[in-house]
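# Architecture at a glance
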Amino acid sequence: MSTTSTSNGSVNAMHDSMTPLTGGILMLDMFINAFYGGVGVGFLNYYVFLIIAVFIAGLMVGRTPEFLGRKVEAREMKIATMIALLHPFLILVGTAIAGYAVAHTPTAAWDAAPQSWLNNPGAHGFSEMLYENASAGANNGSGFEGLGDNNFFWNFMTGLILILGRFLPIIGPLAIAGLLAAKKVVPEGGGTLRADTFTFGGLTFALIIILAALSFFPALAIGPLAEYFALVP
Amino acid sequence: MESSSSSLFPREQVREALVQSFVKLDPRIMLRNPVMFTVEIGTVVMLLVTLYSLIGGDASQGSTGYNAVIFLLLLITLLFANFAEAIAEARGKAQASSLRKMREDTPARLRMPDGSTKTIRGSELRKGDVFICETGDTIPTDGEIIEGLASIDESAITGESAPVIREAGGDRSSVTGGTRVLSDRVVVMVTGDPGSSFLDRMIALVEGASRQKTPNEIALTILLAGFTLVFLIVCVTLKPFADYANTPITIAAFISLFVCLIPTTIGGLLSAIGISGMDRALRANVITKSGRAVETAGDVDVLLLDKTGTITIGNRKATAFHPAPGVDRATFIRSCALSSLSDETPEGKSIVELAGADITRGLSLQGAALIAFTAQTRTSGVDLGAGIRIRKGAQDALRKLSEQVGNTFPQEVDAEVKRIAQNGGTPLVVAENEKVIGCIELQDIIKPGISERFERLRKMGVKTVMVTGDNPLTAKFIAEKAGVDDFIAEATPEDKMAYIKKEQQQGRLVAMMGDGTNDAPALAQADVGVAMNSGTQAAKEAGNMVDLDNDPTKLIEVVEIGKQLLMTRGTLTTFSIANDVAKYFAIVPALFMASIPALGALNIMRLHSAESAILSAVIFNAIIIPLLIPLALKGVTYRPIGASAILRRNLLIYGLGGVIVPFIGIKLIDLGVALFF
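Residues numbered from 1 in each chain as written. Chains lettered and ligands numbered in written order. Predicted model: local features only at pLDDT ≥ 70, side-chain atom pairs only at ≥ 80, totals over all residues. Heavy atoms only, no water.

Now for the overall build of chain A. Looking only at helices and strands, one finds eight helices and two strands in chain A. Counted from the first residue to the last, chain A has its helices and strands arranged as α-α-α-β-β-α-α-α-α-α. Expressed as a percentage of the 233 residues in chain A, the buried residues total 59%. Look at the contacts in chain A between residues 6 or more apart in sequence, and 71% of them connect residues 24 or more apart. For chain A, the accessible area works out to roughly 9,200 Å², and carbon and sulfur atoms hold 67% of it. (Helix = DSSP H or I, 4+ residues; strand = E, 2+ residues; numbered from the N terminus. Buried < 20%, exposed > 50% of the residue type's maximum accessible area, 1.4 Å probe, protein only. Contact = heavy atoms within 4.5 Å. Areas by Shrake-Rupley, 256 points an atom, 1.4 Å probe, with all protein chains shown as cover.)

Okay, here's the thing in structure tokens:
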């Protein structure tokens, strides 16, 4: 487990100097952002995916899905979907804005022109920006470093992402919990799906990988993966 | 029941569905399905791009031919999805219309304004029409008697055998379609137009005009819309990423990536699955009033089943006469036979049969009045002209009757009743002028194979409850023998209602089947109420399904259909999402291969070229929809093997399969597509 998966802020090495794949894993940890046991919102996001997994698994066994004896219905799904959506939205949109600025307005008359942000252009520079946003959205706002980020653009954008990425995923799951708590408990029967089985765990895992991790696949491809494959002959 | 199961796609239905596939391209209809609506937008954009590259001659977006092919593939994807919905609708409609035709063939003798009569089909009767029914005629449709009086056999409707008198004027003037005139002649005015029947409602439901998404379908649509948005973000943000990496990505590639990633498979098949759920119910001869009811049936926890006809073979047979002490045996048998002579119920007939021809031959009902069974008195019998009143019924009813006038209930009869009940029989106590004269023993026969069905239900997690008018002893015996989990003995409609409410308060969903007006409140209270077609209008209005076969075991099938419906949705969603893994690996390397050659390493399928990779993924995405239509229509097979085992099985087939199949499929298509590059 690395620092980004546990969100505890301790750093073992300068991320900027790690090999591309190592840096990529650090980011992947944040993209997944559902490590149970991590500080902060790890559990909350896990819980959101759990709700989605329960819903799909419930359907697969032919029963209206229930979680801890409460039926999961349209309103819970709406909230869970929104929170699951928020995560790639913040990180990808943030990185997209930065990428756009570098590509199209490199010499904008801001306090620091976009072209001056990057010490390492190309794939590595992309990784730096992706990490910056990912950490703001899903971690502690730490940097991959190597990015000229102490300027208005980065401070403002990551600040905004930090606030949204921090508090909305807390409100959402609490709202779901509130809705579920107000529901009647369905007594367990032979047809009830148990959520503490290996199979169910596997489903949740697969869902997190496909929904959270794979959403970032194109971004990872341009950043760490491109850098990695360029290094490996 | 299995009338048209020979082919999934009869020709005329396919033709109709093909036409509908194009009609359904209307964006206003498409908007109901957010996933496919976004595909439609993508298709329109591709059309514009194709025209632009054709007219403008600008090749920066790829060749005109390539763009045109992508446009066509997207259009085909849309048409496939529409076809899935249309074919499901066509099947449902065909099934419903054939049922309707069957029921409308009762002939009716229409009275013309000039007084002459003309025979027409029952279906041609309109509100306000007047028809005539005589002895032996079946009444073609619901109406009100405006002239005359007749005795009518309503057993087909009420299940009660004693004929009822219906006459013009007053409360007893209405007649129901499907009942039979036993004697005399009535003139009836039609009270309702055809088109308001359950079948008509069902057809409207299938046709989509009044089809509403079920709660579960709504939740799934939200989830799918969420997935669509996630992938929209992925694709939109890819543009600045690509700009940064100096990689030009064509609009065709963006739209292809987007369409492949969003869950089009389940999105395209979602409504077909819902419709086919209703259709499968219809094939089992169950008419549902809403798709929601079928879905709820899959969730049912408690099943209330009537004993008679469901658990035991409908007819109980009289097996012995037990006169009370001091009552002459022959006289007792004579009284029993007299009270049953005009009793058309199987029980009544079997009593006459047991009494034997020697006794019954000399009996006459001259001047006698028949006393029909009612749910309140729970007795039936006959008032002979000579001031003799014979009644028979359940022990508690007769005890009340005799003790009301100060007679004691003979202890010997009481003991006999207990003995019969303990042995699973049904005692029928007989009284003459409110004095108990003995009892008749009736025996129940439990249906073969029924206990296996209950075992199956238990594995599904459904609790079975037997409802019976029998006394607790008999009920317990039969309940144990048949293997039901619980029973309600000496059940009154109020008891049923109370039981349903109790279970519902504990959060369980209850299904029940009923036929009489008495059952109406309970049918309405139950989460799934199946009324028998032979039942009263009130019962049919109260329930949310009607069983045309009047088969009480149908509830079990309905539960399975409901479960199948949910499972089909779940498995196809899983399959659709799992497919994304392969599609990512097909398209993402293709996007960047040109400008970042290093990323060619991600092309683990070794697809021929960027164009062929994108085309293959889009083609796979399109053809998987029609390939899965049969599964959507037939439903995933349900096996009662416990929830965790089902999940494991379905995850293996549709989850793991969903990851692997597109890798193979896209690679194979790519091998074919590569021939053109």
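The next point concerns the pairing of strand β18 (residues 510–514) of chain B. Residue and element names in this part refer to chain B. With respect to burial, β18 is a largely interior element, five of its five residues being buried. Of the two faces of β18, the one carrying Val 510, Met 512 and Gly 514 and the one carrying Ala 511 and Met 513 are both buried. The pairing of strand β9 (residues 302–306) with β18 spans three bridges and is classified as parallel. Bridge pairing in β18 links Val 302 to Val 510. Pairing of β18 with strand β19 (residues 528–532), which is carried by four bridges, proceeds in the parallel orientation. Residue Met 513 lies in a different strand from β19, and its bridge partner there is Val 530. (Pairing = 2+ DSSP bridges.)

A few words now on the pattern of salt bridges. All names here are of chain B. Evaluation of the coordinates by the stated rule reveals 20 salt bridges over all chains. Here Glu 434 makes a salt bridge to Arg 389, at a shortest N to O gap of 2.9 Å. Residue Glu 434 is located in the loop between β14 (425–432) and β15 (435–443), and its partner Arg 389 is located in strand β13 (residues 388–393); the two are separated by 45 residues in the primary sequence. The buried category is assigned to Glu 434, whose relative accessible area is 17%. (Salt bridge = Lys/Arg side-chain N within 4 Å of Asp/Glu carboxyl O.)

Attention now moves to the interface of chain A and chain B. With 63 residues of chain A at the interface, the matching set in chain B holds 60 residues. Of the roughly 5,000 Å² buried where chain A meets chain B, counting both sides, 77% is carbon and sulfur surface. Counting the contacts that link chain A with chain B gives zero salt bridges. The interface formed by chain A and chain B holds two residue pairs in polar contact (both at pLDDT 80 or more) in total. For the side of chain A that touches chain B, the secondary-structure elements that each account for two or more residues are α3 (42–60), α4 (74–104), α5 (123–138), α7 (198–213) and α8 (217–231) of chain A. Partitioning the side of chain A that touches chain B into residue classes produces 42 nonpolar, 15 polar and six charged. (Buried area = accessible area lost by both parts, 1.4 Å probe. Polar contact = N/O pair within 3.5 Å; in protein donor to acceptor, adjacent residues only side chain to side chain. Nonpolar A, V, L, I, M, F, W, Y, C, P; charged D, E, K, R; others polar.)

A few words on helix α9 (residues 264–283) of chain B. Residues and elements named next belong to chain B. Taking 1.5 Å of rise per residue, the 20 residues of α9 would be expected to cover 28 Å, and the 28 Å separating its terminal C-alpha atoms lies within 8% of that figure. Along its length, α9 reaches its greatest deviation from straightness, about 40°, at Leu 270. Among the 20 residues of α9, 20 are classified as buried, and the element is accordingly described as predominantly covered. Looking one or two residues beyond α9, the residue adopting positive phi is Asn 285, at roughly 65°. (Expected span 1.5 Å × (residues − 1). Bend = angle between axes of the 7 residues up to and from the residue.)

This part is about the packing of helix α21 (residues 554–592) of chain B against helix α23 (residues 643–673) of chain B. All names here are of chain B. Where α21 meets α23, the axes come as close as 8 Å, and the angle between the chain directions of the two elements is 35°. The two elements α21 and α23 cross, and the hand of that crossing is right-handed. Along the contact surface, α21 presents Met 567, Thr 571, Thr 574, Phe 575, Ala 578, Asn 579, Val 581, Ala 582, Lys 583, Phe 585 and Ala 586, while α23 presents Ile 646, Asn 650, Leu 651, Tyr 654, Gly 655, Gly 657, Gly 658, Val 659, Val 661, Pro 662, Phe 663 and Ile 666. In terms of residue class, the contact of α21 with α23 is made up of 15 nonpolar, seven polar and one charged. (Axes fitted to C-alpha atoms, helices over the stretch in contact; angles between N-to-C directions. Left-handed = near helix turned anticlockwise from the far one by under 90°.)

The next thing to look at is the sheet that holds strand β17 (residues 486–488) of chain B. Residues and elements named next belong to chain B. Spatially, β8-β20-β19-β18-β9-β16-β17 is the arrangement adopted by the seven strands of the open sheet, whose pairing is mixed. Bordering the open sheet on either side are β8 (286–288) and β17, each of which pairs with just one other strand. Sheet twist, expressed as the average angle between the axes of neighbouring strands with direction ignored, equals 20°. Where strand β16 (residues 463–467) and β17 come together, three bridges link them in parallel fashion. Across the sheet, Val 465 pairs through a bridge with Asp 486, a residue of β17. Here α21 sits on the sheet in contact with β8, β9, β18, β19 and β20 (545–547), set at roughly 155° to β9.

What follows concerns a nonpolar patch on the surface. Residue and element names in this part refer to chain A. Taken together, Phe 156, Leu 160, Ile 163, Leu 164, Phe 167, Leu 168 and Ile 171 make up a surface patch of nonpolar side chains, about 660 Å² in accessible area. Structurally, the position occupied by Phe 167 is in helix α6 (residues 152–181). Looking at Phe 167, the relative accessible area reads 47%, which means it is partly exposed. (Patch = residues over 30% accessible without salt bridge, like charges linked within 9 Å, V, L, I, M, F, W, Y side chains within 5 Å.)

On to the sheet that holds strand β11 (residues 369–371) of chain B, then. Residue and element names in this part refer to chain B. In spatial order, the strands read β10-β15-β14-β13-β12-β11; together these six strands make up an open sheet with antiparallel pairing. Edge positions in the open sheet fall to β10 (317–323) and β11, since each of these has one partner strand only. Averaged over all pairs of adjacent strands, the angle between their axes in this sheet comes to 20°, without regard to strand direction. In the sheet, strand β12 (residues 379–384) pairs with β13 via six bridges, with the strands oriented antiparallel. In the sheet register, Asp 383 faces β13, and the bridge partner there is Arg 389. Packed on one face of the sheet, helix α12 (residues 346–355) meets β10, β13, β14 and β15 and runs near 60° to β10. With respect to the sheet, helix α14 (residues 395–404) is in contact with β12, β13, β14 and β15, its orientation differing from that of β13 by roughly 145°.

This part is about the pairing of β15 of chain B. Residues and elements named next belong to chain B. Of all nine residues in β15, seven are buried, a share of seventy percent or more. One ladder, built from six bridges, connects β10 with β15; its direction is antiparallel. Looking across to β15, one finds that Ala 318 is bridged to Leu 442. Both β14 and β15 contribute to a ladder of eight bridges, which runs antiparallel. Bridging from a neighbouring strand, Pro 427 pairs with Glu 441 of β15. Between β14 and β15, which pair antiparallel one after the other, the connecting turn spans two residues, and Asn 433 there sits at a positive phi close to 45°.

Looking now at helix α17 (residues 472–482) of chain B. All names here are of chain B. For α17, the set of buried residues is Thr 474, Ala 475, Ile 478, Ala 479 and Ala 482. Down the axis of α17, the buried set is contained in an arc of 130°. They therefore lie on one face. Structural note: α17 exposes Glu 480 and Lys 481 on the side pointing more than 90 degrees away from its buried face. Looking at the buried residues of α17, the elements they touch are α15 (411–422), β14, α16 (450–460), β16 and β17. (Arc of directions from axis to C-beta.)

All names here are of chain B. Of the residues in chain B, 88% have a pLDDT of 70 or more, and the chain-wide mean is 79. Segment residues 1–6: pLDDT under 50, and nine contacts once partners within four positions in sequence are set aside and those in other chains are kept. Model confidence for the complex is summarised by a pTM of 0.73, with the ipTM given as 0.81. (pLDDT = per-residue confidence, 0-100.)

In this section: the nonpolar core. Grouped together as the largest cluster of nonpolar side chains are 185 residues, with contacts concentrated most on Leu 303 and Phe 592 of chain B. Considering every element that reaches this core, the biggest residue donor is α21 of chain B, with 20 residues. Aside from chain neighbours lying at most four places away, what touches Phe 592 of chain B is Pro 218 and Ile 222 of chain A together with Leu 238, Ala 242, Thr 247, Ile 249, Pro 597 and Leu 599 of chain B. Core analysis: the second largest hydrophobic core is formed by 18 residues, Ala 318, Phe 321, Leu 384 and Ile 437 of chain B among them. (Core = buried A, V, L, I, M, F, W, Y, C linked by side-chain atoms within 4.5 Å.)

With that settled, consider the environment of Leu 44 of chain A. Residues and elements named next belong to chain A. For Leu 44, the position within the fold is in helix α3. Its relative accessible area of 17% is what places Leu 44 among the buried residues. Once the C-alpha coordinates of Leu 44 and Ile 171 are considered, the two residues, 127 residues apart in sequence, prove to be 9.6 Å apart. In contact with Leu 44, other than residues within four places in its own chain, are Pro 169, Ile 170 and Pro 173.

To continue, consider the packing of aromatic side chains. Residue and element names in this part refer to chain B. Using the criterion set out here, one finds three aromatic pairs over all chains in the structure. Both rings, one in Phe 585 and one in Phe 663, keep their centres 6.4 Å apart while their planes meet at 40°; by these two values the pair is tilted. Here Phe 663 lies in helix α23 and Phe 585 lies in helix α21, a separation of 78 residues in the sequence. Assessed through its relative accessible area of 18%, Phe 585 is described here as buried. What makes Phe 663 partly exposed here is its relative accessible area of 22%. Above the ring of Phe 409, the side-chain terminus of Arg 399 is found at 4.6 Å from the ring centroid. (Phe/Tyr/Trp six-rings, centres within 6.5 Å; stacked < 30°, edge-to-face > 60°. Lys NZ or Arg CZ within 6 Å of the ring centre and 35° of its normal.)

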